[in-house]
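If you want the building blocks of each chain, they are given just below.
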Amino acid sequence: MKNNFILTFLLSVLFSSSVLASEISISEQYVRETIPGTTISSAYMLIKNTGDKDVALKSITSPVSARIELHEHLMADGMMQMQQVESIIVKANDKTVLQPHGYHVMIFNLDEPLMAGSSIDMALKFDNGKTVNIKVPVQGLKKKTHSHSHNH
Ligand SMILES: [Cu+2]
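Since we're looking at a predicted model, the values are computed, not measured. (Residues numbered from 1 in each chain as written. Predicted model: local features only at pLDDT ≥ 70, side-chain atom pairs only at ≥ 80, totals over all residues. Heavy atoms only, no water.)

Examining the side chain of His104
Structurally, His104 can be placed in strand β8 (residues 104-108). Look at His104 and you get buried, because its relative accessible area is 1%. At a separation of 2.9 Å, a polar atom in the side chain of His104 contacts the main-chain carbonyl oxygen of Gly102. Beyond its immediate chain neighbours, meaning those up to four positions away, His104 contacts Ser42, Ala43, Tyr44, Glu69, Leu70, His71, Glu72, His73, Met82 and Leu98. (Helix = DSSP H or I, 4+ residues; strand = E, 2+ residues; numbered from the N terminus. Buried < 20%, exposed > 50% of the residue type's maximum accessible area, 1.4 Å probe, protein only. Polar contact = N/O pair within 3.5 Å; in protein donor to acceptor, adjacent residues only side chain to side chain. Contact = heavy atoms within 4.5 Å.)

Details of the coordination of the copper ion
Taken together, the protein donors to the copper ion comprise His71 (ND1), Met82 (SD), His104 (NE2) and Met106 (SD), at separations of 2.1 to 2.6 Å. Coordination at the copper ion is tetrahedral: its four donor atoms span angles of 96 to 117 degrees at the metal. All donors to the copper ion come from one chain, and their sequence spacing reads H-x10-M-x21-H-x1-M. Of this pair, His71 sits in strand β4 (residues 67-76) while Met82 sits in strand β5 (residues 79-84), and the two are 11 residues apart along the sequence. Owing to a relative accessible area of 5%, His71 belongs among the buried residues under this scheme. Overall, the relative accessible area of 41% leaves Met82 in the partly exposed class. (Donors = N, O, S within 2.8 Å, 3.2 Å for Na, K, Ca; no water. Tetrahedral: all angles 85-135°; square planar, octahedral: opposite > 155°, others 65-115°.)

Okay, structure coming up:
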């Protein structure tokens, strides 16, 4: 009886954590190295939702800044502009890409510059009450114009 109880307990822990992890997953995340003389940066990632309900990213917190906003780029009067958005929706069984010239994360008032090779912690809060914690690597400013790397 006692063994059965322990087994049931372990299974329920394993099951619930795998459910949690499987609904929203973040990949391909990176944040830009700070341009010298500035205290801002932007972050990008791929958010995947394997659940059967739409979710919305509501806010992001990080130890590196108290002011982090969700932004989108849009064309206005022939000019590329960006503005803050209240949330970024990830549809059920779909994905949303945060990328340059699209949705992105703006980090303001950085206390210290972000250096390539390091990484920062971010907590992503979703409207279903879930928080996803990720490590975001800092990418150097020198961007390869041509990528000859292949995925193995
Ligand atoms: Cu922005």
